[in-house]
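Residue-level structural notes
Chain residues, written in single-letter form:
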Amino acid sequence: MTAKTFELGPGYTISRVIRGGWQLAGGHGAIDREQAVTDLITTFDAGIWTYDCADIYTGVEELIGAARLRLASERGLDAAARMKVHTKLVPDLERLASISRDYITGIVDQSLRRLKTERLDLVQFHWWDYAMAGYIDAMGWLNELRLEGKVRNVGTTNFDTPRLAEILAAGVPLVSQQLQYSVLDQRPAGSLAALAGQHGISFLCYGSVAGGFLSDKWLDVAEPQTPLENRSLVKYKLIIDDFGGWDLFQVLLSTLKAVGDRHGVDIATIASAWVLEQPHVAAVIVGARNQAHALANAGIMDVALTPDDKTAIGAVIAESRGLEGDVYTLERDRHGRHGSIMHYNLNAGRV
């Protein structure tokens, strides 16, 4: 590992900042397809050559596939091969009871077509309801597709510690787990981190800037009232509430601003740099609305927090009551504050 790269699996290296795809999936404004492809290539040129998407992110796999084709056309196959793309496989809640190998294979084949590749670099598997026991079978089928050469690496998304242990016990060679991790949410640092350490699993972390809340824009600003602009802000405002409320959040922003001033960067950069320095973290996944934002994200990899920086940030975190439970437990409760805003059947009719 260097400051800017991480060997996620044997012979498989990624950039430590990953370009997220959720913001390209709609719900964050209209997407100019041609400009989006250009922006993806600008991200590549800035040193962020790993991308995250999902079968449920409408149109995003196709956009990244188009960027891969343009790279191959304009710069050759070697350049296109440097682009690493991680996708997610998210079976619909309504399909979990009847999950089959054909269903899993169909989604993998769909991602292969969309991403214009013969092998997926990493497929990250998500499961909505642990009351349905099919996730072990599904991971087994996904591993069979790895052995067949359709998938290079397999990982998980948002599994808690007991279920991740079950998957490992079944012999599935996981390289990573994608999960939410930030100065506001340290749920991964508990039992899951211990399990990851035992099995060499690395974390790929989303939410490091809390949907944009962890930024200069929100410093010294009054608490926003509902309705918020998009579902991402709704989600992360709940995280702020559980962290300790708006007043403590403002103390955190002020602290991050002071650290950022010492390094000549903004709050968002420091927030993501903090996550990168946590145990078992391979990379942070950050979105970008434009080329300037993508270039700024590359600067995350240039920041090395000092012991004093970490102490200052840690002191504020210590004042937080913290989020309860294991990874994604709050979000998995479909009747709770966090789970009730989730969308559970986004693949319906798409395979």
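A brief structural summary. (Residues numbered from 1 in each chain as written. Predicted model: local features only at pLDDT ≥ 70, side-chain atom pairs only at ≥ 80, totals over all residues. Heavy atoms only, no water.)

Details of the overall build of the chain
- Of regular secondary structure, the chain possesses 13 helices and 10 strands.
- Taking 2.2 N^0.38 as the reference for a compact globule, 351 residues should give roughly 20 Å; the C-alpha atoms of the chain span a radius of gyration of 19 Å, in line with that estimate.
- Here the C-alpha coordinates of the chain stretch approximately 50 × 50 × 40 Å along the principal axes.
- The buried share among the 351 residues of the chain stands at 56%.
- Considering only contacts within the chain whose residues lie at least 6 apart along the sequence, 77% involve residues at least 24 apart.
- Across the chain, the 34 positively charged side chains and the 42 negatively charged ones have centroids separated by 4 Å. (Helix = DSSP H or I, 4+ residues; strand = E, 2+ residues; numbered from the N terminus. Rg over C-alpha atoms; globule rule 2.2 N^0.38 Å. Buried < 20%, exposed > 50% of the residue type's maximum accessible area, 1.4 Å probe, protein only. Contact = heavy atoms within 4.5 Å. Lys, Arg positive; Asp, Glu negative; His and termini not counted. Charge placed at Lys NZ, Arg CZ, Asp CG, Glu CD.)

Points about the pattern of salt bridges
- In the structure shown here, the tally under the stated rule is 19 salt bridges.
- Between arginine 101 and glutamate 144 there is a salt bridge, and its shortest N-O distance comes to 2.8 Å. Note that arginine 101 is positioned in helix 4 (residues 101-115) and glutamate 144 in helix 5 (residues 135-148), a separation of 43 residues in sequence.
- For arginine 101, a relative accessible area of 26% corresponds to the partly exposed category.
- Residue glutamate 144 is classed as partly exposed on the basis of its relative accessible area of 34%.
- Here aspartate 109 and lysine 150 are joined by a salt bridge, their closest N and O atoms 2.8 Å apart. Of this pair, aspartate 109 sits in helix 4 while lysine 150 sits in the loop between helix 5 and strand 7 (151-157); the two residues are 41 residues apart in sequence, bridging distant segments of the chain.
- Under the relative-accessibility criterion, lysine 150 is labelled partly exposed at 24%. (Salt bridge = Lys/Arg side-chain N within 4 Å of Asp/Glu carboxyl O.)

Section: the packing of helix 1 (residues 33-45) against helix 2 (residues 60-75)
- Where helix 1 meets helix 2, the axes come as close as 9 Å, and the angle between the chain directions of the two elements is 65°. Regarding helix 1 and helix 2, the two cross each other, and that crossing is right-handed. Of the residues in helix 2, those touching helix 1 at Arg33, Glu34, Ala36, Val37, Thr38, Leu40, Ile41, Phe44 and Asp45 are Glu62, Leu63, Ile64, Ala66, Ala67, Arg70, Leu71 and Arg75.
- Classifying every residue of the contact of helix 1 with helix 2 by side-chain character gives 10 nonpolar, one polar and six charged. (Axes fitted to C-alpha atoms, helices over the stretch in contact; angles between N-to-C directions. Left-handed = near helix turned anticlockwise from the far one by under 90°. Nonpolar A, V, L, I, M, F, W, Y, C, P; charged D, E, K, R; others polar.)

Considering the pairing of strand 8 (residues 174-180)
- Where burial is concerned, most of strand 8 is hidden: seven out of the seven residues are buried.
- With four bridges joining them, strand 7 and strand 8 adopt parallel strand pairing. Looking at strand 8, one finds that glycine 155 is bridged to serine 176.
- Crossover strand 7 to strand 8 through helix 6 (residues 161-169) is right-handed.
- Bridge count for strand 8 against strand 9 (residues 202-206) is five bridges, and the pairing is parallel. (Pairing = 2+ DSSP bridges. Right-handed = clockwise from strand over helix to strand, strands pointing away.)

So, the pairing of strand 1 (residues 5-9)
- Sheet topology note: the strand 1/strand 2 (residues 12-15) ladder contains four bridges and is antiparallel. In the sheet register, glycine 9 faces strand 2, and the bridge partner there is tyrosine 12.
- Connecting strand 1 to the antiparallel partner strand 2 that follows it, the hairpin turn spans two residues, and glycine 11 within it adopts a positive phi of roughly 75°.

A word on the environment of leucine 248
- Inspection of the secondary structure puts leucine 248 in helix 9 (residues 246-263).
- Taking the C-alpha atoms as reference, leucine 248 lies 7.7 Å from serine 320; in sequence the two are 72 residues apart.
- Every residue in contact with leucine 248, bar those within four places of it in the chain, is listed here: Phe243, Val316, Glu319 and Ser320.

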